[in-house]
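This is what each chain is made of:
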Amino acid sequence: MLRYTLSRLQSLVLSLIAASIVIFLTVEIVPGDPASYMLGLNASEDTIAALRDQLGLNVPSYQRYWNWVSSLLHGDFGTSYTYRTPVSDMIRDRLWISLPLAIYALFLSTLIAFPAGILAATHRGSFTDVLIMGFTQLGVAIPNFWFAMLMVLLFAINLQWFSAGGFPGWENPLLAIKSLTLPAIALALPQASILARIMRSSLLDILSEDYIRTARAKGLTRGQTLYRHALRNALIPVLTIIGLQFSFLMAGAIIIENVFFLPGLGRLVFQAITQRDLIVVESVVMLLVFAVILVNFAVDIAYAIVDPRLRGG
Amino acid sequence: MTLLSIKDLYLSIHGTKILHGLSLSVEASQIVGVIGESGSGKSMTAYCATQLLPTGSHTRGEITLDGTNILAASEKTMCALRGNDISMVFQEPTTALNPVQTIGKQVAETILIHEPRTSKADAMERATEALKRVELPNNQFPLSRLPHEMSGGQRQRVVIAMAIALRPKLLIADEPTTALDVTTQAEILLLLTRLVREDGMGLMMISHDLAVVNGMADHIHIMQRGRIVEHGPVKTLFQTMQHSYSKALLAASAHVPDRNPPNTETPLLKVQNVTRDYTLPRQALFAKRGTFRAIADVSFTIHKGESLGLVGESGCGKSTLTRAILGLEQIQRGEILLSGEPVFTDKKSNRAVRRKMQVVFQDPYGSFNPRHRVSRLVSEPLHLLDTTPVDSRDRVVEALTSVGLRPEDADKYPHEFSGGQRQRIAIARALIIKPELIILDEAVSALDVSIRAQILDLLAELSSVHGLTYLFISHDLSVVRSITDRVLVMKAGKIVEQGQTDQVFDTPTHAYTKNLIYAAPQLPANVRTMI
Amino acid sequence: MVLLNNRNIVIGAALTAIFVTLALVSFVYTPYDVTGVDIPNKLKKPFSNGYPLGTDHFGRDILSMIMVGARTSIAVALVAVTIGMALGVPLGLAAAANKGYLLDELIMRSNDLIFAFPSLVIAILITAIFGPSALNAIIAIGIFNIPVFARLTRGAALSLWQRDYILSARVAGKGPARISFEHILPNVTNLLIVQGTIQFSLGILAEAGLSYVGLGAQPPIPSWGRMLAESQTMISFAPHMALFPGLAIVFTVLGLNLMGDGLRDIFDPRIRRDKS
């Protein structure tokens, strides 16, 4: 297990290095000089040069990359070109909305998808199966931000059960969770549909395996066979999808925040794009990619817990 | 009292009739062999007895197990019976075990399911006991083993341990040794026989191979198309056979094609001191790669017009050797010469030499690209010529005719043919380039005995008509004996014995060869005179 | 015909055909001009005189905008799938043919790397640099499609490489490139068609998302996503502005997905065996 973990850890670090290089190079090719952009058209050559120096833009790119990465490792994300405040502070506040939202949505999606997928697989071909599969087909086709708008129309404007948007802060956790509920449902619906379909097909694959027949020949009932042999093994492909979904949820959260006017990472990054505040874009993208890579690492570890065959090698 | 009694059983699945009025019985302490070719309904008979039939099945008739009417029993009753009174062992040990559960847990589960009051520790204790009975002692095979850490034979033992943990009255074994090597097969058959004798249970032994069952069964039933066509005690059955099908089956099992021994001693293929190493995948990022020696210092010669057998168990290096001879893989040391010319020169395989060799593989289903027509499939080796011959269509027709197919078959797709016909197409493909040497890599192993006999006859005929030379690779000793002049015995990448086929089989000198020949299931010695 | 016996394919193809037709017709005819502003006729309810789906806050006809929007959505998704296939499939074939060698390792690791950037994040990076446009949306979605097709192709090709007919082709003296083209590619086409329809539908969804947040097609080119974005502030008194573009997306995606499912049922031999 230790060896497996170490080898996964090694690929985690390599992916992070590769990703950071890609991001750095992409931002590097941007035309224009951030210092002159920040100071406006009337700035003198000297002040621009001084600011370039201050921003560390006057050294060769490989050194700038190194400076960027090493300060990232210290939690220093640099200074926003537009706001002149540390990017790490800006991100920290926003993260407290975006991260809980993604986790909340992942939780909902799993909670809906597992029973639905299992029910559909065990009642293959029945009315229940057709109904569940019909719903998931629709769930996959509905854009989450549109679904969010419809929910706002119904639950916030017409029924007035929820507020239409905004975030009250975490001082009152219940209120905070309530304001994240509609966004989380909107995010979870398509993901739950995908996950339920994967769960169903993975379970059906496993149920046709020889060892399921062996278990039945031992005297296990259908229910016991499902619970003791099929479910755990069916989880293996499902875990991959859950891992992938987290990255979709983080990205999806960026769009959904727009519908609900949540001051999360998404709003931050769009402001930054319009203001061409590249250091903020760069940092947020790096953070998102870091989250994705980290979750994939966690999925790899979860694999080994579910499938002991991986632990040896 | 009869343990298992099946009377006048009819089975249909989604309206397709599988069994037509089948009757058989198994007594306690009795081994009953059920023989049939693929599609005869022998496995479905077993699933009827355990009520593990696929959905859409419909049964009629009577099955009683120790007084219990199986066909009328509820699913709950059946769950209580399965694993407790009636157990099963399946064909494919590699997939019959849950890959992510330890063997201890899987064996103990049988006990815990039926005796829920047993403590976990007791169940584990009894699982150890059951594994010991199937010769997997705890000190070598701890309960914490996972299936993938064991060989096929060992896994089959675990499956048997699960089946006999509660000492059932009846054990049904569905082709339990078909996927295993000869020596492993012999061990498993011996084990099953011992367990029957010790526990006094009944054993229904399902197989496609008369020889396998002949060695152990008390009573044999022969099935054809959902019916028992012949049955009787094993001692007298072969003499008293009446039904034309069972006679034909026996004849096919013991079939020896007519062949003329080669009249020359001109060497065609020379394999000299060949060694092939594989690099193993890295264990860690910067670790040094290990190597595995698949063939070690192998030398032999095939003469023109000869049929040379190569026998050995899985993993002995047969396939690697085949690929090396065909010039598909480079060897590390040694030389392979065909008519004096090297197969591999300057790191490139020699096309001129490769034109003189072709191959026929085992699997009649995986050997053809399903999207190509027969004409395109058969003409593929013509690619080895520098220019496509203008008469390629004529050549295809000629090749098809010579293997007993019709010219119009050229425009069909492979899925329109049966397994035996596909193997004929594969032979036609090998013939089209008029090779001197054909490598037959388990070419008849996947076929039913009656089809196998036909293909062997075809091969014998082709070799005399076209003066072909064969390298006949097989794990099946009786087939090798019937079609080869000389034989090589391979073990762990080395040739341990070679000589005239009859001589090697009658008086083997190497311990491994002796083992192999002793382990091979055999029909009664006088069977040829019986037919 | 097998295709017509499958209900999913019939319904799916019909839905898809409707929107493709709308998109094609929009090149020669739309009921109204979609670039013009017609304030007197703003916010007309659906089924009002001459405006079957109503008008928006600038008085533009929503049906006309959906027709032209279909053009944008379908074009973006289609080109993105084409990019993904054109680059991903050869990479996957090459990786499978060189399994265990450096090339395979290189291709697969770069795929993993792209997977770490969700398509929206790629779009954010690209727009941050080149500014938002339909072309950049295509590139972002297209890049994301490459590893999808590369992995699928490699996985399927690897199992095909184990078949005896590949060995036969090698015995016939054929090289890896020729074998990939002659024997592997034709046998993975089914899978690619199924995945292609699914990526197409995902592309429509992604394009809608990107234009909703302003990273896709820019005004005055109409797109379904931006129509939804513009409707948002008016949803309480003009819900029809949000309803119809949304339904257009749902039906197009649903159509493509149904078609993909149906094709998979037909192509997958396991399912066929179950039914026979």
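Small disclaimer: the values here were computed from a predicted structure and weren't measured.

Student: Can you help me understand the overall build of chain C in this one?
Tutor: Counting its regular elements, chain C contains 11 helices and 0 strands. For chain C, the succession of helices and strands along the chain, N to C, is α-α-α-α-α-α-α-α-α-α-α. Along the longest, intermediate and shortest principal axes, the C-alpha atoms of chain C span 75 × 50 × 30 Å. Among the 276 residues that make up chain C, the fraction classed as buried is 54%. Here the analysis covers contacts within chain C between residues at least 6 apart in sequence; of these, 71% occur between residues at least 24 apart.

Student: Help me understand the interface of chain A and chain C in this model?
Tutor: It is common to give the size of an interface as the accessible area lost on bringing the parts into contact. Counting residues at the interface gives 36 residues for chain A, matched by 30 residues for chain C. If you list the elements that add at least two residues to the side of chain A that touches chain C, you get helix 1 (2–28), helix 6 (127–141), helix 7 (144–158), helix 10 (222–260), helix 11 (265–274) and helix 12 (278–306) of chain A. A breakdown of the residues in the side of chain A that touches chain C according to their chemical character gives 31 nonpolar, 5 polar and no charged.

Student: Explain the confidence of the model for chain C here, please?
Tutor: Close inspection of predicted coordinates is inappropriate in any region flagged by low pLDDT. All names here are of chain C. Scored by pLDDT, chain C has a mean of 85; 95% of the residues are at 70 or more. Per-residue pLDDT, averaged within each element of chain C, yields its smallest value for helix 11 (residues 269–275) (41) and its largest for helix 3 (residues 62–97) (92). A low-confidence stretch, residues 270–276 stays under pLDDT 50, and its non-local contacts, those more than four residues away or across chains, total 1 contact. Both confidence scores are given for the complex: pTM 0.85, ipTM 0.86.

Student: Honestly, the packing of helix 6 (residues 182–199) of chain B against helix 18 (residues 511–519) of chain B in this entry has me stumped. Any pointers?
Tutor: How two helices pack is summed up by the angle between their axes together with the distance between the axes. Residues and elements named next belong to chain B. For the pair helix 6 and helix 18, the least separation of the axes is 8 Å and the interaxial angle reads 50°. With respect to helix 18, the element helix 6 is oriented oblique. For the pair helix 6 and helix 18, the crossing hand works out as left-handed. When helix 6 is examined against helix 18, the residues V182, T183, Q185 and A186 are found in contact with a partner set consisting of N515, L516 and A519. Tallied by class, residues from the contact of helix 6 with helix 18 come to 4 nonpolar, 3 polar and no charged.

Student: Looking at this structure, how should I read the environment of D199(B)?
Tutor: One can find D199(B) in helix 6. The residues touching D199(B), leaving out its near neighbours within four places in the chain, are I164(B) and R167(B).

Student: How do you make sense of the pairing of strand 22 (residues 494–500) of chain B when you look at a structure like this?
Tutor: When a strand is regular, its side chains alternate between the sheet's two faces. Residue and element names in this part refer to chain B. Relative to strand 22, strand 21 (residues 486–491) runs antiparallel, the two being bridged by 6 bridges. Looking at strand 22, one finds that M490 is bridged to I495. Counting the residues between successive antiparallel strands, the hairpin from strand 21 to strand 22 contains 2 residues, one of them, A492, with a positive phi of roughly 45°.

Student: Honestly, unusual backbone geometry in this entry has me stumped. Any pointers?
Tutor: In most cases, non-glycine residues show a negative phi, while peptide bonds are predominantly trans. Each neighbour pair has its own omega, and for P219(C) with P220(C) the value is 10°, a cis peptide bond. Structurally, the position occupied by P220(C) is in the loop between helix 8 (176–212) and helix 9 (224–231). Located in the positive-phi region is F261(A), a residue other than glycine, with phi close to 50°. Assignment of secondary structure puts F261(A) in the loop between helix 10 and helix 11. The phi dihedral of Q51(B) is positive, around 55°, even though this residue is not glycine. Along the polypeptide, Q51(B) turns up in the loop between helix 1 (42–50) and strand 4 (57–65).

Student: Before we go on, may I ask you to explain the confidence of the model for chain B in this structure?
Tutor: When the pLDDT values of chain B are averaged, the result is 89; 97% of them are 70 or greater. Model confidence for chain B, summarised as mean pLDDT per element, is weakest for helix 19 (residues 527–530) of chain B at 58 and strongest for strand 7 (residues 170–174) of chain B at 95.

Student: Before we go on, may I ask you to explain helix 10 (residues 240–267) of chain C in this structure?
Tutor: Over its 28 residues, helix 10 of chain C extends 40 Å from the first C-alpha to the last, a length consistent with the 40 Å expected when each residue adds 1.5 Å. Counting buried positions over the 28 residues of helix 10 of chain C gives 21, a clear majority of the element.

Student: So what exactly am I meant to see when it comes to the packing of helix 3 (residues 103–114) of chain B against helix 4 (residues 120–133) of chain B here?
Tutor: Residues and elements named next belong to chain B. The N-to-C vectors of helix 3 and helix 4 enclose an angle of 110°; their axes lie 8 Å apart at closest approach. Put simply, helix 3 runs roughly perpendicular to helix 4. Note on packing geometry: the crossing formed by helix 3 with helix 4 is right-handed. Taking contact as the criterion, the partners of G104, V107, A108, I111 and L112 in helix 3 are, on helix 4, A123, M124, R126, A127, A130 and L131.

Student: Can you help me understand helix 7 of chain A in this one?
Tutor: Along an α-helix, residues three or four apart share an orientation, since each turn contains 3.6 residues. Between its terminal C-alpha atoms helix 7 of chain A stretches 20 Å, which fits the 21 Å expected from 15 residues at 1.5 Å a residue. Along helix 7 of chain A, the sharpest change in direction is near 30° and occurs at V152(A). Within helix 7 of chain A, the full set of buried residues consists of N144(A), F145(A), W146(A), F147(A), A148(A), M149(A), M151(A) and V152(A). Looking at the buried positions of helix 7 of chain A, the neighbouring elements they touch are helix 8 (173–207) and helix 10 of chain A together with helix 8, helix 9 and helix 10 of chain C. Two residues or fewer past helix 7 of chain A, Q160(A) is found with a positive phi of approximately 60°.

Rules behind the numbers
- Residues numbered from 1 in each chain as written.
- Chains lettered and ligands numbered in written order.
- Predicted model: local features only at pLDDT ≥ 70, side-chain atom pairs only at ≥ 80, totals over all residues.
- Helix = DSSP H or I, 4+ residues; strand = E, 2+ residues; numbered from the N terminus.
- Buried ≥ 20, exposed ≤ 12 C-beta atoms within 10 Å, placed from the backbone.
- Contact = placed C-beta atoms within 7 Å.
- Nonpolar A, V, L, I, M, F, W, Y, C, P; charged D, E, K, R; others polar.
- pLDDT = per-residue confidence, 0-100.
- Axes fitted to C-alpha atoms, helices over the stretch in contact; angles between N-to-C directions.
- Parallel < 35°, antiparallel > 145°, perpendicular 65-115°, else oblique.
- Left-handed = near helix turned anticlockwise from the far one by under 90°.
- Pairing = 2+ DSSP bridges.
- Expected span 1.5 Å × (residues − 1).
- Bend = angle between axes of the 7 residues up to and from the residue.

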